[in-house]
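A look at the structure
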Amino acid sequence: YIGTIPFLCMSLPLSTTFFPPRPSPSILEYVGFATLPNQVHRKSVKKGFDFTLMVAGESGLGKSTLVNSLFLTDLYKDRKLLNAEERITQTVEITKHTVDIEEKGVKLKLTIVDTPGFGDAVNNTECWKSVADYIDQQFEQYFRDESGLNRKNIQDNRVHCCLYFISPFGHGLRPLDVEFMKALHEKVNIVPVLAKADTLTPSEVKKKKIKIREEIEQYGIKIYQFPDCDSDEDEEFKQQDLELKESIPFAVIGSNTVVEAKGKRVRGRLYPWGIVEVENSAHCDFVKLRNMLVRTHMQDLKDVTRETHYENYRAQCIQSMTRMVVKERNRK
């Protein structure tokens, strides 16, 4: 039939235009770019993910136990415990623990940045400076790598989130808590955590949360803000998001011990008056914190770090470099 097309065209009048047959609607409806999310997903899973979490707060608030409970691993097995005399003379250190975790074929390179010695000295003036310097150093290293020749395999060691542990013994935020968060809130996503919630009654936890939220607003501290839900999100997701916002600061309990409770084995703490279950939402906010960090907001924490905190640092670097160039040019 294809061979007869020239003869058909010759037999048509000059004023007649030949139109090819129109494709069926089913062909026009699908191009193929709807598979792009699948392509991105496969590439991301193959590459793996990385996340850097900083924990800060004075000693004895259960930071190590909580981190081990969150990620079901033992990051502090080689840690040396200091006695009282050594703690007095200890300065703030920055230690990194990196572990590769795999779950259902998805690989996560988790880096925990700890701050032993923070808040333990008699004089804690500017004890947060080494922490702020560390965050700036990671920004600087990333900026150098990004501006270099080999940009293919850049290691991202920027701190994506800082869990700041607030002591349950007191009436709210201490001056050290306020100064630390105000010094770092422009550099990192701060998520306040009310430590050792099992030392407080439920009514005390509720009052302390309200008090801490009021003081955070009073002192102008910018903690991590959960993104607003889209209008097309389902009601269950909106309710979870509302509960997360109302849970700040997260009242947490950490435990790596498995105990027997009502015929089943759970992670928790055994007391003479009963058992505190770590993963029971009626006992603490551990599950909410874990869901927020891992299941729902990990990517948003990374996005805010990249688009806000790092971009602010990068803009400052470029402005200072421009001023130096202009100053040198004027001098010449």
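Just so you know, these numbers come straight off a predicted model, no measurement behind them.

**A few points about the overall build of the chain**
A count of helical and extended segments in the chain gives eleven helices and nine strands. Relative to its full complement of 332 residues, the chain shows a buried share of 36%. Here the analysis covers contacts within the chain between residues at least 6 apart in sequence; of these, 69% occur between residues at least 24 apart.

**A few points about helix H7 (residues 175–184)**
For H7, the complete set of buried residues consists of Leu176, Asp177, Val178, Phe180, Met181 and Leu184. At its buried positions, H7 is contacted by strand S1 (49–56), helix H6 (129–147), strand S4 (161–166) and strand S5 (190–194).

**As for the nonpolar core**
Among the nonpolar cores identified, the biggest contains 72 residues, and Leu163, Phe180, Leu184, Phe250, Leu289, Met292 and Leu293 are the most heavily contacted of them. Looking at this core element by element, the count peaks at seven residues for H6. Setting aside its immediate chain neighbours within four residues, methionine 292 contacts Val191, Tyr224, Phe226, Leu244, Phe250, His297, Met298 and Leu301.

**A closer look at the pairing of strand S3 (residues 106–114)**
Pairing of S1 with S3, which is carried by seven bridges, proceeds in the parallel orientation. Counterpart to aspartate 50 in the pairing with S3 is lysine 109. Between strand S2 (residues 95–103) and S3, which pair antiparallel one after the other, the connecting turn spans two residues, and lysine 104 there sits at a positive phi close to 55 degrees.

**Here's the deal with the sheet that holds strand S8 (residues 264–271)**
Strand order in the open sheet formed by three strands is S7-S8-S9, and the pairing between neighbours is antiparallel. Of all the strands in the sheet, just strand S7 (258–261) and strand S9 (274–277) have a single pairing partner and so form its edges. Neighbour-to-neighbour, the strand axes of this sheet turn through a mean angle of 75 degrees, independent of strand direction. Alignment of S8 against S9, held across four bridges, turns out to be antiparallel. Among the inter-strand pairings, tyrosine 271 is bridged to a residue of S9, identified as glycine 274.

The rules behind these values
- Per chain, residues are indexed from 1 in the order of the written sequence.
- Reporting of local features is limited, given that this is a predicted model, to residues whose pLDDT is at least 70; pairs of side-chain atoms are given and counted only at 80 or more, and all residues count toward the totals for whole chains, interfaces and linings.
- Excluded from the side-chain calculation are hydrogens and water; included are all heavy atoms of the structure.
- Every helix listed is a DSSP run of H or I at least four residues long, and every strand listed is a run of E at least two residues long, numbered separately from the N terminus.
- Burial classes follow relative accessibility: with a 1.4 Å probe on protein chains only, a residue under 20% of its type's maximum area counts as buried, one over 50% as exposed, and anything between as partly exposed.
- We call two residues in contact whenever any of their non-hydrogen atoms come within 4.5 Å of each other.
- Definition used in this section: a nonpolar core is a set of buried Ala, Val, Leu, Ile, Met, Phe, Trp, Tyr and Cys residues joined via side-chain atoms within 4.5 Å.
- We treat two strands as partners when DSSP finds at least two bridges between them.
- Lines fitted to C-alpha atoms define the axes, with helix axes restricted to the stretch in contact, and inter-axis angles between N-to-C directions lie between 0 and 180 degrees.

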